[in-house]
Amino acid sequence: MNRRPLAAALLVLTVLTGCTTGPALEQRGDITAPPGNSRDLTVGSAGFTESDLLAQMYALLLRHSGYRATILSVTNRELYEPALESGRIDVVPEYAATFADWLNAKANGPDAPTVGSPDLTKTMTALRRLAAPRGLTVLDPGRAVDQNAFAVTRAYAAEHQLRTLSDLGRSKLPVRLAAGDECVQRPYCEPGLRKTYGIDIVAVDPKGVGTTQAKQAVQSGHDQMVLTTTTDATLGQFGLVLLADDRHLQNADYIVPVVNRSRAGGPGVVRALDTLNTVLTTADLASMNEQVDSWRRLPEAVARTYLQSKGLL
């Protein structure tokens, strides 16, 4: 993950927090103005590889459609979401269920019941309901999804004939799980694996989510399974394969563009960004992540090559 210099980060913090001058949410009425179509747009990135790639693809598609698009990297949702509301940022790539729960907590408090779920339709309905009063429009999701996922070694999967998490539950094998320490409480992790799949989690090894140390622990046989994500680009380097979440334990974190309605909610932006939905898959995104993280290619070059290969540029 790229790290910006401290001075630059502080400058972005000052600029973005100083420019969120729109009316407070509780003072806004219903948003009835027609969506805007500014020709100069700022695409936000959250500063990690996947977000950088998505931002680059959005910017390239917008430029191809005649917009002037620049990219601003902000590594904190607490900063870029208010900037998106105020129009300092016009477009960001987001994750449907995660962003729905984040907006829900912002509107209703940190203890509000979650609204993100494995059901994409319900998740999108909740997300759009929460986004609209803030002047935000959530465009349609495509096929690419970055969810929590669980991986085992190829050898372990072959030995026990495992392709899905249900297979692992039926096997009754004892499993040490390499994950974050919060896994013991999160419903998508240890409790969910037990309840939904009947997997015998005998211990959670607190090595983090998808970290090198966690993958090495599974590779060596110290642990049997690791919590990672569906777009993890380095699983093959450790001889790991994902087990399918066939009973849909994980939330619908499909990738969705979120735009400032008053500046970028018009049909031109929607058409430009919707073209990505026709081609981008989870596997495509994992491959691009690998090219940046492992092959050390620049996100813009990877994004351009991909879009050109799909006939979108």
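Our subject is the structure listed above.
Conventions we followed
Residues numbered from 1 in each chain as written. Predicted model: local features only at pLDDT ≥ 70, side-chain atom pairs only at ≥ 80, totals over all residues. Heavy atoms only, no water. Pairing = 2+ DSSP bridges. Helix = DSSP H or I, 4+ residues; strand = E, 2+ residues; numbered from the N terminus. Right-handed = clockwise from strand over helix to strand, strands pointing away. 1 Å grid on protein atoms, 1.4 Å probe; cavity = no way out; pocket = protein on both sides within 12 Å on 5 of 7 lines; lining within 4 Å. Points joined across faces, edges and corners; volume = space filled by probe spheres on them. Nonpolar A, V, L, I, M, F, W, Y, C, P; charged D, E, K, R; others polar. Buried < 20%, exposed > 50% of the residue type's maximum accessible area, 1.4 Å probe, protein only.

Draft legend 1. Spatial organisation of the pairing of strand 7 (residues 200–206). Both strand 6 (residues 174–179) and strand 7 contribute to a ladder of six bridges, which runs parallel. Following the sheet pairing, Ala178 is matched in strand 7 by Asp205. For the crossover from strand 6 across helix 8 (residues 190–197) to strand 7, the handedness is right-handed.

Draft legend 2. A look at empty space enclosed by the protein. If you walk through the whole model with that rule in mind, you get one cavity of 30 Å³ or more. Estimated volume of the largest cavity: approximately 70 Å³. In terms of lining, the largest cavity is formed by Leu54, Tyr58, Gly142, Arg143, Ala144, Ile255, Pro257, Leu276, Asn277 and Leu280. Sorting the residues of the lining of the largest cavity by element identifies helix 2 (49–64), strand 10 (255–260) and helix 11 (267–277) as the ones contributing at least two each. For the lining of the largest cavity, the per-class residue count stands at seven nonpolar, two polar and one charged.

Draft legend 3. Looking closely at the layout of surface pockets. The volume enclosed by the largest pocket comes to roughly 1,400 Å³. As for the largest pocket, its lining consists of 43 residues, and the residues nearest its centre are Thr98, Asp146, Asn148, Thr229 and Asp253. Those elements that provide at least two residues to the lining of the largest pocket are strand 1 (40–45), helix 2, helix 3 (77–86), strand 3 (91–95), helix 4 (96–108) and helix 12 (282–293). The biggest single contributor to the lining of the largest pocket is strand 3, with four residues.

Draft legend 4. View of unusual backbone geometry. Here Lys172, not a glycine, exhibits a phi torsion of approximately 60°, which is positive. Within the secondary structure, Lys172 sits in the loop between helix 7 (165–171) and strand 6. What makes Lys172 exposed here is its relative accessible area of 60%. Positive phi values are uncommon outside glycine, yet Arg296 reaches one of about 65°. Mapped onto the fold, Arg296 is located in the loop between helix 12 and helix 13 (299–309). Residue Arg296 is classed as exposed on the basis of its relative accessible area of 65%.

Interpretation in functional terms is not warranted from these geometric data alone.
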